[in-house]
Amino acid sequence: MTDPTTYISHLELGQPDKTYLDTNELILNMGPQHPATHGVLRVILKLDGEKVLGTECVIGYLHRGVEKIAENRTYAMFNPYVDRMDYVAAVSNGLGYCEAVEKLLNVEAPPRARYIRVILTELNRLASHMVWLGTHALDIGAMTPLFYTFRDREEILKIFERYCGARLTTHAFRIGGCQYETYEGFEKDVKNFLDFVPPKIDEYEELLTTNRIWVERTRNVGKISGADCIALGVTGPVLRASGVKWDIRKAKPYSGYQEFDFEIPTGENGDTYDRYIVRIKEMRQSLRIIRQAVDGLPAGPIMAKVGKVIKPPVGEIYHSIEAPKGELGYYIVSDGSTQPYRVRIRPPSFVNLQALDLMVRGQLVADVIAVIGTFDIVLGEVDR
Amino acid sequence: MLDYITSYLSSNVTPGQAGNWFWATVYVFVVFGGVAVVVLAMNWLERKALAHFQIRLGPMRVGPHGLMQPFADAIKLLTKEDIIPAQADRFVFWIAPLIILCASFTVYIVIPFGPTHAITDLNIGILFMLGVSSLSVLGIVMAGWASNSHYPLIGSLRSSAQMVSYEVAMGLAVVSAILMTSLNSTGTGTLSMIGIVQAQQEQHIWYVFKFFPLGLIAMVIFAIAMVAETNRAPFDLPEAESELTAGFHTEYSGLRWSLFMLGEYAAMGAVSSIAVTLWLGGWLRPFPNWLKGSAFDFVFSLFPGFTFLALAGFCFLGVVRMPKHPHFRIQTIGLAGFGALLGFIGLVLLVTPVRVRVQDIYWFVAKVAVFMYLYIWYRATFPRYRFDQLMTVGWKILLPAALGVLIVTAIVGVLF
Amino acid sequence: MAEEIKSPTPPPVGETKPPAEQAKPSPAPPETKPPVASPAAPAAASPAGPAKPAASAAATPAAPAKPAAPAKPAGPTPVPWDSPVVSKLKSRHGSGVREASTYLGQNYLVVEPSVTREVLQVLRDEEQFDYCVDITAVHYPKREKQFDLVWILYSFPKNERMRVKTMINDGETFPSSVSIWPTANWLEREVFDMFGIKFDGHPDLKRILLPDGWEGYPLRKDYGIIQQDQKWVQINLGIQSGQ
């Protein structure tokens with residue numbers, strides 16, 4: 001097993017510059033404001049010419065103290081805050097939190113609510129992957145897929161807006177189920193969407209998958225093995241592209257995912273190209289799940305029996321879901337009052353970002369940007 | 001004096017060859033004016049075409065369908081504050097864009113728009129073009145150096161390395177086309193631009209089709225190398241914003257930056273002209289030998305007029321589709337006026353004396369326009385090459401291919 | 001749309017209320033007295049729904065003495081957890097493993113701080129808990145051992161999740177788990193940043209989310225919700241902190 005201390009380098013920036021007389025090494029700062037860092041992320045690179053010797057990430061520019069806020073709000077009041085972490089995939093965040101609190105209360109959302117949750121969460125997964133694809137392609141230089149993916153994502157956001165009134169930070173679910181019943185024409189909209197999108201995904205693939213330049217820019221860039229992924233706690237499409245076939249929706253199903261039939265795409269090499277292929281395939285699998293959910297949407301109540309005041313008994317719970325970025329976990333400690341005693345949010349982007357150093361070592365500077373893009377990090381989640 | 005002016009009108013050589021200063025100057029103004037118009041048009045077309053590729057509209061407000069956008073941009077750039085970094089080398093900072101501009105514009109004096117429609121015709125024409133356009137590398141290095149900041153410096157060094165690498169492949173592809181000019185009855189080739197097109201005329205074939213597929217491969221190599229030469233996508237790593245080094249023109253603002261852009265578009269036009277002259281038959285109309293005869297000549301001579309009439313038709317279509325709202329009245333009138341202007345030009349081009357004379361210029365410009373559109377298409381479609389991959393393509397793929405094509409062309413030329 | 005959810009009329013006392021259904025009339029309850037919504041009854045009220053009837057019901061105090069709310073079923077309690085893993089650890093460390101329970105289906109161990117490091121090592125090496133999901137802490141200021149350190153572990157081969165908890169005092173340091181799971185690097189940095197718990201042997205223990213010069217550990221219970229490090233704000237941002 002590789003020596004774990006080699007995984008993450010620290011550049012000893014506070015110490016006297018040992019490389020002072022060595023004119024080959026250069027410390028380059030990819031500052032917090034940069035078009036390609038997907039938010040406010042600062043990466044300090046130690047370069048030898050064009051080759052990267054080590055990196056250090058400085059995060060915290062978007063830290064808003066969400067966990068501290070949680071201790072001062074009631075369970076239901078905290079629900080909207082959760083959307084603002086990974087703002088691109090807000091529905092998943094809400095799903096994880098509501099399910100965690102429901103577990104603490106020992107209730108389960110009724111079947112119709114579960115199906116509605118699955119439909120919206122998978123739509124959100126599609127939207128999140130579309131944002132990822134557009135921005136990742138833009139970083140590598142292909143300007144056009146961005147506009148195509150954002151255009152198609154509009155259709156998803158229209159459905160969200162009609163359902164709960166918001167496009168991005170949706171606050172779609174409540175503790176115990178869903179608040180809103182599906183609107184008139186929801187199923188028709190979703191089915192139209194399911195017919196509308198597959199040719200579009202084919203279009204994105206046509207632009208990129210066999211494009212010689214794309215393949216050269218992404219193959220063998222940012223390679224990481226499955227064992228390293230597990231050791232570093234990396235989850236999500238990054239882990240699956242490295243060959244480990246693990247998805248929480250199959251391993252520890254939640255919200256009724258065990259009733260749906262879908263596959264888990266994996267890659268072989270663990271490089272950027274494989275991550276791209278895995279996410280494209282995941283988009284198609286999401287369409288499959290949505291179709292099954294919409295076809296089999298049961299009738300019934302959408303809200304379980306939870307009191308108006310949510311007061312879970314004393315105890316703690318850890319619940320995680322498969323967010324588009326990886327394993328999103330909520331560790332909630334309750335002391336019997338209406339406000340949680342501690343909410344710990346385990347963000348997938350935060351843990352995944354640790355692996356940046358390992359993946360980028362020995363590669364060129366232009367690859368750093370490709371690798372940051374392939375992680376699909378959202379700084380709101382990294383910093384909370 | 002008047003004799004001096006009129007004496008040229010009966011000659012059949014370019015003014016430069018005839019030694020007529022007056023007409024040479026007139027031609028210079030016409031050509032440079034034309035290049036300026038082309039740059040403006042390219043600016044507009046790039047923004048509109050890129051936008052349409054990306055399912056959006058592009059500039060729509062500044063003039064009807066954004067037609068006045070290049071003027072607005074020019075005015076904006078001219079009125080901006082002229083910022084020079086404090087530690088910059090002022091003279092070098094000032095002269096770098098001028099060098100690029102001069103180098104890019106000077107090559108236009110040998111570009112043949114027709115058998116006598118060129119400013120001059122050097123008998124080393126193609127060599128002159130390749131040589132002078134290489135001078136712009138000097139301007140780029142100077143720009144990066146004078147900025148006194150290490151990001152532009154790295155960017156300019158990368159840019160110049162890229163340009164120098166692809167010039168080798170370009171040159172070899174050009175040589176293989178020159179070889180083909182010697183396959184005529186006298187057995188001597190020519191480096192003069194007009195001579196190359198005339199050789200294609202004599203040999204009754206455009207060099208892109210000669211010894212198929214050799215001519216085609218040579219043209220494709222040149223086409224790729226010329227995109228890299230002008231620092232355009234997909235070889236625009238040195239000037240892309242999302243990469244770490246932002247390019248040699250980071251520190252330039254306002255008018256100076258616009259000079260860089262002017263030089264870039266002019267260089268694009270110049271290398272496209274080389275490609276058209278060498279492989280696509282310059283000013284020759286399509287199928288001059290298959291479709292012979294005065295009837296075909298007549299039909300093909302209608303093309304320029306009809307092109308402008310078609311453009312005018314598009315304008316009027318746009319007028320019809322304009323929203324019927326008072327706010328759009330000025331735009332509608334403007335677009336109709338522009339359409340009327342284009343239609344007028346089209347009608348003028350259909351008139352017999354003009355029609356005959358404008359043929360060569362039209363076909364040449366049309367072919368160059370196709371290449372310019374391809375530039376925009378590449379930018380919309382391809383991701384960017386990483387710098388080491390870019391150099392790999394230049395040295396390890398294009399150069400051996402160009403050498404191979406050259407050798408095989410030479411052998412085939414001797415044998416057949 | 002939301003307005004279509006008509007809340008069924010609140011049931012009379014004693015009847016459990018059906019959950020909100022779409023425009024479905026509730027089974028007709030005998031409405032002889034003003035409906036009283038018992039505050040303790042699990043009113044399956046979606047928050048947008050029966051606010052009005054509840055408000056009107058709250059206005060009228062419980063008229064006749066309604067029977068006490070049906071006794072709530074006893075909530076879930078921790079159940080002892082028995083498994084080969086637990087027995088092995090207990091046999092090795094005896095009283096070091098204070099408690100092994102299952103709550104709501106999730107297994108956890110409570111371990112003494114002195115043996116925790118070995119327990120974690122054994123869990124990774126022998127029991128194949130190769131993925132450290134999370135490391136976090138909880139602050140109980142009124143307890144003697146103020147901090148709860150929690151490791152959430154997952155085993156890929158066994159598809160099993162478990163928690164390991166230990167309790168340490170304020171000012172105590174704890175050996176770092178970076179050599180066991182490299183993912184602990186940033187996770188422990190965040191625990192240090194938010195709680196002030198130092199980890200021995202961590203390669204690079206410094207603040208991760210807050211600026212480097214910040215003083216104070218925000219997730220501790222004695223750090224106010226709007227409190228800030230005034231000095232840092234003054235020096236670095238040049239403004240008077242608004243808090």
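Everything numeric in this text was worked out from a predicted model, so none of it was measured.

### A short note on the packing of helix H4 (residues 111-140) of chain A against helix H11 (residues 272-295) of chain A
Residue and element names in this part refer to chain A.
In step 1: At a closest axis distance of 9 Å, the pairing of H4 and H11 adopts a crossing angle of 155°. On the basis of the axis angle, H4 is roughly antiparallel to H11. For the pair H4 and H11, the sense of crossing is left-handed. Facing Tyr 115, Val 118, Ile 119, Glu 122, Leu 123, Arg 125, Leu 126, His 129 and Trp 132 of H4, the residues of H11 in contact are Arg 279, Glu 282, Met 283, Ser 286, Ile 289, Ile 290, Ala 293 and Val 294.
In step 2: Class assignment of the residues belonging to the contact of H4 with H11 gives a composition of 11 nonpolar, two polar and four charged.

### Overview of unusual backbone geometry
All names here are of chain B.
In step 1: Here the amide bond leading from Phe 212 into Pro 213 is cis, since omega sits at 5°, within 30 degrees of zero.
In step 2: Of note, Ile 55 is a non-glycine position whose phi angle comes to about 45°, a positive value.
In step 3: Structurally, Ile 55 is set in the loop between helix H3 (21-53) and helix H4 (69-78).
In step 4: With 11 C-beta atoms counted inside 10 Å, the residue Ile 55 sits in the exposed group.
In step 5: One non-glycine residue, Asn 231, adopts positive backbone phi at about 55°.
In step 6: Along the chain, Asn 231 turns up in the loop between helix H9 (214-229) and helix H10 (255-279).
In step 7: Under the C-beta neighbour-count criterion, Asn 231 is labelled buried, with 24 such atoms within 10 Å.

### Considering helix H14 (residues 365-375) of chain A
In step 1: Buried residues dominate H14 of chain A, accounting for 11 of its 11 residues.
In step 2: Taken as a whole, H14 of chain A has its buried residues at Val 365, Ala 366, Asp 367, Val 368, Ile 369, Ala 370, Val 371, Ile 372, Gly 373, Thr 374 and Phe 375 of chain A.

### Considering the interface of chain B and chain A
In step 1: Facing the 20 residues of chain B at the interface are 23 residues of chain A.
In step 2: The element contributing the most residues to the side of chain B that touches chain A is helix H15 (residues 387-415) of chain B, with three residues.

### So, the environment of Val 39 of chain B
Residue and element names in this part refer to chain B.
In step 1: You can see Val 39 is positioned in helix H3.
In step 2: Given 21 C-beta atoms within 10 Å, Val 39 falls into the buried group.
In step 3: C-alpha of Val 39 to C-alpha of Pro 70: the two residues are 31 residues apart in sequence and 9.0 Å apart in space.

### Details of the sheet that holds strand E1 (residues 25-30) of chain A
Residues and elements named next belong to chain A.
In step 1: A sheet is described by the order of its strands in space; here three strands give the open sequence E1-E2-E3, paired in antiparallel fashion. Each edge of the sheet is formed by a strand with only one pairing partner; in this case those strands are E1 and strand E3 (51-58). Strand-to-strand twist across the sheet, computed as the mean angle between neighbouring axes with direction ignored, equals 20°.
In step 2: Bridge analysis of strand E2 (residues 42-48) against E3 gives seven bridges, and the strand direction is antiparallel. Looking across to E3, one finds that Leu 47 is bridged to Val 52.
In step 3: Strands in contact with H14 are E2 and E3; relative to E2, the strand with the most contacts, it is inclined by about 150°.

### With respect to H3 of chain B
Residue and element names in this part refer to chain B.
In step 1: Between its first and last C-alpha atoms H3 spans 46 Å; for 33 residues at 1.5 Å apiece the expected length is 48 Å, and the two agree.
In step 2: Along H3, the residues that are buried comprise Trp 23, Tyr 27, Val 39, Met 42 and Trp 44.
In step 3: Buried residues belonging to H3 abut helix H1 (2-9), helix H2 (15-18), H4, H10 and helix H14 (352-381).

### Focus: the sheet that holds strand E6 (residues 315-323) of chain A
In a beta sheet, neighbouring strands are held together by backbone hydrogen bonds and run either parallel or antiparallel to one another.
Residues and elements named next belong to chain A.
In step 1: One open sheet holds the three strands; their spatial order is E6-E7-E8, and the pairing between them is antiparallel. Either end of the sheet is taken by a strand with one partner, and the two such strands are E6 and strand E8 (342-346). Strand-to-strand twist across the sheet, computed as the mean angle between neighbouring axes with direction ignored, equals 10°.
In step 2: Alignment of E6 against strand E7 (residues 326-334), held across nine bridges, turns out to be antiparallel. Directly across from Ala 323, in E7, lies its bridge partner Gly 326.
In step 3: Strand contacts of helix H3 (residues 90-105): E6 and E7, with the helix running at about 150° to E6, the strand carrying the most contacts.

### A few points about the confidence of the model for chain B
All names here are of chain B.
In step 1: In the predicted model, chain B carries a mean pLDDT of 87, and 98% of its residues have values of at least 70.
In step 2: Looking across chain B, the model is least confident in H1, with a mean pLDDT of 76, and most confident in H9, with 92.
In step 3: The ipTM assigned to the predicted complex is 0.86, against a pTM of 0.84.

### Concerning the packing of H3 of chain B against H4 of chain B
Residue and element names in this part refer to chain B.
In step 1: Their axes nearest at 8 Å, the elements H3 and H4 cross at an angle of 110°. If you check the angle between H3 and H4, you find them roughly perpendicular. Crossing hand, H3 versus H4: right-handed. Across the interface between the two elements, Leu 40, Asn 43, Trp 44 and Arg 47 from H3 touch Gln 69, Pro 70 and Asp 73 from H4.
In step 2: Of the residues that constitute the contact of H3 with H4, the class distribution is three nonpolar, two polar and two charged.

### Section: the confidence of the model for chain A
In step 1: Residues of chain A with pLDDT of at least 70 account for 93%, and the chain-wide mean is 87.
In step 2: Scored below 50 in pLDDT, residues 1-9 of chain A shows 15 contacts in the model against residues more than four places distant or in partner chains.

Rules behind the numbers
Residues numbered from 1 in each chain as written. Chains lettered and ligands numbered in written order. Predicted model: local features only at pLDDT ≥ 70, side-chain atom pairs only at ≥ 80, totals over all residues. Axes fitted to C-alpha atoms, helices over the stretch in contact; angles between N-to-C directions. Helix = DSSP H or I, 4+ residues; strand = E, 2+ residues; numbered from the N terminus. Parallel < 35°, antiparallel > 145°, perpendicular 65-115°, else oblique. Left-handed = near helix turned anticlockwise from the far one by under 90°. Contact = placed C-beta atoms within 7 Å. Nonpolar A, V, L, I, M, F, W, Y, C, P; charged D, E, K, R; others polar. Buried ≥ 20, exposed ≤ 12 C-beta atoms within 10 Å, placed from the backbone. Pairing = 2+ DSSP bridges. Expected span 1.5 Å × (residues − 1). pLDDT = per-residue confidence, 0-100.

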